[in-house]
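Here is what each chain is made of, one letter per residue.
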Amino acid sequence: MLKLTSKISIMNIRYLIKNKVYLVLAVVFAVSCTKNFEEYNTHPYNPQDKNLTEAERLGTLIPTLISTMHFSQENRSQHTEQFVFGQYGGYFATTNNWNGTNFGTLNPALDWVEVPYKDVMAEFNSNYLKIKEVTNSTGYIYAWVNIIRVASMLRMLDTYGPIPYSKIGESNNDQVPFDSVEDVYKKMFSELDESLAVLNRFILGSTNYKNNPMAMYDGVYQGDFAKWVKFANSLKMRMAMRLSNVDATFASAKFLEAHQAGPIIANTDNAFIPTQDNPYLKASVEWGDLAISASLSSYMNGYADPRSSKYMTAISGGSYRGVRMGIQSINKTTFSNANSYSKPAFTKATPLLIFNASEVAFLRAEAALKGWLTGGDAVAKTYYEQGVTLSMSANNVTVGSYLTSTAVPAQYTSPNLSRSNISVPNRITVSWSDFSTSVNTKLEKIITQKWLANYPYGSESWADIRRTGFPQIYPALDNLSSSSFIGSINNSYGRMVRRLTYPQSLYRTNNDLVTSAISLLGGDDAGSTDLWWAKKN
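Residues numbered from 1 in each chain as written. Predicted model: local features only at pLDDT ≥ 70, side-chain atom pairs only at ≥ 80, totals over all residues. Heavy atoms only, no water.

Peer 1: How should the overall build of the protein be read in this particular structure?
Peer 2: Within the protein one finds 20 helices and four strands. Counting across all 537 residues of the protein, residues that qualify as buried make up 62%. Put simply, of all contacts in the protein between residues at least 6 apart along the chain, 75% involve residues at least 24 apart. In the structure as shown, the protein presents an accessible area of about 18,600 Å², 50% of it carried by carbon and sulfur atoms. (Helix = DSSP H or I, 4+ residues; strand = E, 2+ residues; numbered from the N terminus. Buried < 20%, exposed > 50% of the residue type's maximum accessible area, 1.4 Å probe, protein only. Contact = heavy atoms within 4.5 Å. Areas by Shrake-Rupley, 256 points an atom, 1.4 Å probe, with all protein chains shown as cover.)

So, in structure tokens, the structure goes:
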């Protein structure tokens, strides 16, 4: 049984250390696009390059690249998707005490904060640079990989702030500079636009574009690059909305480009990573380390949400109950009891969400609310209700009277810890026009339903919480941040943790570059510092 403790998290990436990738990244990516690829890029489950065709040589790297968009490997999922994104995104609570250190209680172990950075940055960029070299930065494979790169690196950018990005692979030394969040966003938009142009030409120039040698390595769309085009346009819309509070003119222009070009609008085009050993199921059922969050159960109970049984297991009596995030005295014996607390309702084969059509509908609803799309409130309402309906359909349930409901999130009560009982302060309803014409109230409705539809993709929900303050997820029950190296956290609705701090290994090996990155961040290297796009004008 693979489990984590605060002492062994680095062991979970020991194959990276074995193959020198971690050491390379610890000095901020001391790789070039022309040297040392055999040394840096050998994986224990990959054949040697000399035994493969060029397509096979590139193809064998693709599944690893795709995996960084939503980790399926259990240890990586637990460290990144569950500990960080799942908790701060309001979907899950961990039920293991972890020797008194926990992201939920806002005092994570020092080495845990490093893991998402190392896993994604090292794993992705070593393979990306090899593909860049072999393709000479041209062609449909390189364009496709750049779309995946943007989707993966966006998660790191939105987690830490400034990262090395534009200069990776351009020199042979270990001094790869960090880019500001704003500059990386602009670079990512440019890369998506270039990739879209290449893929569109590839599709138009082929009578059977789906029959390509990369199809067998593409677990998401099986080589259907028309769907990857829709994915890239959807990603542009996600990114554009992220910038709506800090650069509305640029953001609206990029949003409209993608809106008109064609994003994901049908559930048949939803993007998932397949798995035969779902990591959320393993962590919750086999290990007893994970439960549904109290926030999620409160909203879904109050709304009598038809998706409840698809998202979480029922407790005794047939209802649903999550666990408050951040219980200092938590223990698995009590809080992983399936009779008292709900767990994620996944099977071993439940795939991992990356992007769905309902998110696009909610992005369009918000755009209409902002005046980016014509039609105003009526169009916003149409897209809002479309987003809800698409999510219900994707989960094989009927929407019924849900869209006209004026029910509010339920009060949360715990049978084992009465001090965790709580209700959200602004009890938002589902119905678009039940009692308020406030733009802010309607924005909260959009983001709350988007949050429910995006389960369990916590990285996007955490970003929305930081950008908008919605949905209202319960703060940590016990705030231990004052004794934590991430600094004191404002543990209130809409605030909480704003970012993760930089790995200490980067300070040890490249202190000057990290110091420069912090100046680009515009605040202390602390969990309370807002990223550029979360700072409202």
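What follows picks up the thread again.
Peer 1: Can you walk me through empty space enclosed by the protein in this structure?
Peer 2: Empty space among the atoms can be located by rolling a probe the size of a water molecule over them. Taken as a whole and judged by the stated rule, the model has seven cavities of 30 Å³ or more. Quantified by volume, the largest cavity comes out at close to 80 Å³. Lining the largest cavity are 13 residues; nearest its centre among them are Arg155, Asp158, Arg242, Ser459 and Glu460. Secondary structure elements with two or more residues in the lining of the largest cavity: α8 (139–160), α10 (225–242) and α19 (458–468). Here the lining of the largest cavity takes five residues from α8, the largest share from any one element. Across the lining of the largest cavity, the residue classes tally to five nonpolar, two polar and six charged. (1 Å grid on protein atoms, 1.4 Å probe; cavity = no way out; pocket = protein on both sides within 12 Å on 5 of 7 lines; lining within 4 Å. Points joined across faces, edges and corners; volume = space filled by probe spheres on them. Nonpolar A, V, L, I, M, F, W, Y, C, P; charged D, E, K, R; others polar.)

Peer 1: Looking at this structure, I do not really get the confidence of the model for the protein. What am I missing?
Peer 2: Interpretation of this model should avoid reading the predicted coordinates in detail wherever pLDDT is low. This prediction gives the protein a mean pLDDT of 90; 89% of its residues lie at or above 70. Predicted confidence is poor over residues 1–47, with pLDDT under 50, and the contacts of this stretch with residues over four places away or in other chains come to 125 contacts. (pLDDT = per-residue confidence, 0-100.)

Peer 1: How should the side chain of Ser358 be read in this particular structure?
Peer 2: By the secondary structure assignment, Ser358 is in helix α16 (residues 357–370). Side-chain polar atoms of Ser358 contact the side chain of Asn356, separated by 2.8 Å. Ignoring any residue separated from it by four or fewer positions in sequence, one finds Ser358 in contact with Gly387, Leu390, Ser391 and Ala453. (Polar contact = N/O pair within 3.5 Å; in protein donor to acceptor, adjacent residues only side chain to side chain.)

Peer 1: How should I be thinking about the pattern of salt bridges in this particular structure?
Peer 2: Two side chains carrying opposite charge are able to pair once their charged atoms lie near each other. Scanning the model with the defined rule gives 36 salt bridges in all. For Lys227, the salt bridge goes to Asp269, with nearest N and O atoms at 3.7 Å. Of this pair, Lys227 sits in helix α10 while Asp269 sits in the loop between α11 (248–261) and β2 (271–273), and the two are 42 residues apart along the sequence. Given a relative accessible area of 22%, Lys227 falls into the partly exposed group. Take Asp269: its relative accessible area is 6%, and that puts it in the buried class. It is possible to trace a salt-bridge network through shared partners that takes in Asp158, Arg238, Arg242, Glu359, Glu366, Lys370, Lys450, Glu460, Asp464 and Arg467. (Salt bridge = Lys/Arg side-chain N within 4 Å of Asp/Glu carboxyl O.)

Peer 1: Would you mind showing me how to read the nonpolar core here?
Peer 2: General note: in soluble globular proteins, nonpolar side chains tend to be found buried as a group. Judged by nonpolar contacts, the single largest core of 163 residues is most densely connected at Trp228 and Phe231. Among the elements that line this core, the one with the most residues is α8, at 15 residues. With residues near it in sequence (within four places) discarded, Trp228 still touches Met69, Trp144, Ile147, Ile148, Leu199, Asp218, Val220 and Tyr221. (Core = buried A, V, L, I, M, F, W, Y, C linked by side-chain atoms within 4.5 Å.)

Peer 1: Help me out: how do you make sense of the packing of aromatic side chains in this one?
Peer 2: How two aromatic rings sit relative to each other is given by the distance of their centres and the angle of their planes. Using the criterion set out here, one finds 38 aromatic pairs in the structure. When the centroid spacing of 5.5 Å and the interplanar angle of 75° are considered together, the rings of Tyr140 and Phe225 count as edge-to-face. Of the two residues, Tyr140 sits in helix α8 while Phe225 sits in helix α10, which places them 85 residues apart along the sequence. For Tyr140, a relative accessible area of 16% gives the class buried. For Phe225, a relative accessible area of 0% translates into the label buried. (Phe/Tyr/Trp six-rings, centres within 6.5 Å; stacked < 30°, edge-to-face > 60°.)

Peer 1: Looking at this structure, how should I read unusual backbone geometry?
Peer 2: Apart from glycine, the bulk of residues carry a negative phi angle, and the bulk of peptide bonds sit in the trans form. In the segment running from Tyr455 into Pro456, the intervening peptide bond is cis, with an omega of 5°. Of note, Pro456 is situated in the loop between α18 (439–453) and α19. Note that the residue after Phe470, namely Pro471, is joined by a cis bond; omega there is -5°. On the secondary structure map, Pro471 appears in the loop between α19 and α20 (504–521). Positive phi, normally seen in glycine, also occurs at Leu106, with a value near 65°. As for its placement among the helices and strands, Leu106 is situated in the loop between β1 (92–94) and α7 (115–135). You can call Leu106 buried: its relative accessible area is 0%. With phi around 55°, Met496 is a residue other than glycine that occupies positive phi space. Its location among the elements puts Met496 in the loop between α19 and α20. Since its relative accessible area comes to 6%, Met496 is described here as buried.

Peer 1: For this particular structure, what's the right way to read α8?
Peer 2: Quick reminder: α-helices carry 3.6 residues per turn. Residues three or four places apart thus point the same way. Between the first and last C-alpha of α8 there are 31 Å, a value that for 22 residues agrees with the 32 Å anticipated at 1.5 Å per step. The element α8 is largely enclosed, with a buried count of 21 among its 22 residues. Where α8 ends, the next residue or the one after it, Gly161, has phi of about 105°, a positive value. (Expected span 1.5 Å × (residues − 1).)

Peer 1: Quick question: what am I supposed to make of the packing of α7 against α8 here?
Peer 2: Two measures define how a pair of helices packs: the angle their axes make with one another and the distance between the axes. Where α7 meets α8, the closest approach of the two axes is 11 Å, and the angle between their N-to-C directions is 160°. By the criterion of interaxial angle, the relationship of α7 to α8 is roughly antiparallel. As α7 runs across α8, the sense of the crossing is left-handed. Where α7 abuts α8, its residues Pro116, Tyr117, Val120, Met121, Phe124, Asn125, Tyr128, Ile131, Lys132 and Thr135 lie against Ile141, Tyr142, Val145, Asn146, Ile148, Arg149, Ser152, Met153, Met156 and Tyr160. Along the lines of polarity and charge, the residues of the contact of α7 with α8 split into 14 nonpolar, four polar and two charged. (Axes fitted to C-alpha atoms, helices over the stretch in contact; angles between N-to-C directions. Parallel < 35°, antiparallel > 145°, perpendicular 65-115°, else oblique. Left-handed = near helix turned anticlockwise from the far one by under 90°.)

Peer 1: Explanation requested: the packing of helix α17 (residues 376–394) against α18 in the structure shown.
Peer 2: Running from amino to carboxyl end, α17 crosses α18 at an angle of 20°, the nearest separation of the two axes being 9 Å. The pairing of α17 with α18 is recorded here as roughly parallel in orientation. By crossing handedness, the relation of α17 to α18 is classed as left-handed. Every residue of α18 that contacts α17 at Asp377, Tyr384, Val388 and Ser391 is listed here: Lys442, Lys445, Ile446, Gln449 and Ala453. Split into classes, the residues belonging to the contact of α17 with α18 amount to four nonpolar, two polar and three charged.

Peer 1: Looking at this structure, how should I read helix α12 (residues 279–286)?
Peer 2: Most of α12 sits inside the fold, with six of its eight residues counted as buried. Along α12, the positions that sit buried rather than exposed are Pro279, Tyr280, Leu281, Lys282, Ala283 and Ser284. Lining the buried residues of α12 we find α6 (74–88), β1, β3 (290–292) and β4 (352–355). Two to three positions downstream of the cap, the backbone nitrogen of Tyr280 sits 2.9 Å from a side-chain oxygen, assigning the N-cap of α12 to Asn278. Just downstream of α12 lies Gly288, where phi reads positive at about 70°.

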